Amino acid sequence: MDARGWVPATAGNFSVRLGPGRVAVTRSGFHKGMLTPAALMVVDEQGRPEDASLRPSAETGLHCGIYRRYPEAGAALHGHSIPVTVLSRRAGDAITLSGYELLKAFPGLATHEASISLPVVDNDQDIARLQAVVEARWDAGAAKIPGYLIRGHGVYVWGRDMPEALLRLEALEFMLACELEARKL
Ligand SMILES: CSCCC(=O)C(=O)COP(=O)(O)O
Ligand SMILES: [Zn+2]
């Protein structure tokens, strides 16, 4: 993600589910292109650190919200790419992606003759309040799509494991980059 410019400065955060009620997450403020094991820590599904002397990602509540809602989720990625940032600032409450072969990277889509409505929620520095808005969107029908955008901020994508989360993120970033390029034509 760093090599692709999706986590500039100290942006972005990553997590994996270690087992029931245990999540490994990046610590806050570390550069995601220079991670070492010391930049990771463990929290429970409510985001409470096992080692209270360490500060987890400021967005840990969004990662934990994914694990609480989706028992099959094993890894979650958050980045701040240019296409995500620009398009989410111009979008309404969703971005429709249709006609792309790469839609097949998403669960349940077997053809490019499909579309997904990618939720976009307003940014909020209050992560608990932001998570409540995300949950309301899931309850309203957005629950089948393993990702969402935060306006002017970034993207969250998850999968059963880290390779699947990364594959979905790459597919989504590719399609959003195409959408951005198309607007320049
Ligand atoms: C400098 S990026 C602002 C915070 C943010 O949006 C982010 O993704 C990184 O926050 P963290 O606490 O996980 O380092
Ligand atoms: Zn962020």
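Please read these numbers as outputs of a predicted model, since none were measured by experiment.

Quick notes on the site of ligand 1
Part 1: What surrounds ligand 1 is a group of 13 residues, the closest being Ser 28, Gly 29, Ser 57, Ala 58 and Glu 59.
Part 2: Contact distances for ligand 1 include 2.8 Å between an oxygen atom and a backbone N or O atom of Gly 29.
Part 3: Backbone polar atom of Ala 58 to an oxygen atom of ligand 1: 2.8 Å apart, as the coordinates give it.
Part 4: When ligand 1 is considered free in solution it has 400 Å² of accessible area, and contact with the protein chains removes 75% of it.
Part 5: Per-class residue counts for the shell around ligand 1 are two nonpolar, nine polar and two charged.

Brief notes about the UniProt feature "domain: Class II aldolase/adducin N-terminal" (unreviewed entry) in the protein
Part 1: Sites flagged by UniProt as "domain: Class II aldolase/adducin N-terminal" (unreviewed entry) map to residues 1-180.
Part 2: When the span residues 1-180 is considered, its composition is 28% helix and 24% strand, and the gap between its end C-alpha atoms is 19 Å.

A few points about the UniProt feature "binding site: Zn(2+)" (unreviewed entry) in the protein
Part 1: Following the UniProt record, one finds the feature "binding site: Zn(2+)" (unreviewed entry) at His 78 and His 80.
Part 2: With respect to the secondary-structure elements, His 78 resides in strand β4 (residues 75-79).
Part 3: Given the relative accessible area of 0%, His 78 is considered buried.
Part 4: At a separation of 2.9 Å, a polar atom in the side chain of His 78 contacts the side chain of Glu 59.
Part 5: Tracing the chain through its elements places His 80 in the loop between β4 and α2 (82-90).
Part 6: His 80 gets classed as partly exposed once you look at its relative accessible area, which sits at 22%.
Part 7: In this view, His 80 contacts Gly 5, Trp 6, Pro 8, Ala 11, Gly 12, Thr 85, His 153 and Gly 154; residues no more than four positions away in its chain are not counted.
Part 8: For His 80, the side chain forms a polar contact with the side chain of His 78, separated by 3.0 Å.

Calculation notes
- Counting from 1, residues in each chain are numbered in the order their sequence is written.
- Chains and ligands are labelled sequentially in the order written, the chains with letters from A and the ligands with numbers from 1.
- The predicted origin of the model limits local features to residues at a pLDDT of at least 70 and limits the giving and counting of side-chain atom pairs to 80 or more, whereas totals for whole chains, interfaces and linings rest on all residues.
- Side-chain calculation: all heavy atoms of the structure are included, whereas hydrogens and water are not.
- When at least one non-hydrogen atom of a residue lies within 4 Å of a molecule or strand, that residue is treated as near it.
- Counting of polar contacts relies on pairs of N or O atoms within 3.5 Å, with two restrictions inside protein: one atom must be capable of donating a hydrogen and the other of accepting it, and residues adjacent in sequence are counted only when both atoms are side-chain atoms.
- Computed with a 1.4 Å probe, the accessible areas rest on the Shrake-Rupley method; for each residue, only the protein chains presented here act as cover.
- The nonpolar class holds Ala, Val, Leu, Ile, Met, Phe, Trp, Tyr, Cys and Pro. Asp, Glu, Lys and Arg form the charged class, and all remaining residues, Gly among them, are polar.
- UniProt positions are given in the numbering used here, feature names are shortened, and annotations may be inferred rather than shown by experiment.
- The numbering of helices and of strands both runs from the N terminus, where a helix is a DSSP run of H or I of at least 4 residues and a strand a run of E of at least 2.
- We call a residue buried when its accessible area falls under 20% of the maximum for its residue type, exposed when it is over 50%, and partly exposed in between, using a 1.4 Å probe and counting protein chains only.
- Any pair of residues with heavy atoms lying within 4.5 Å of one another is described as a contacting pair.

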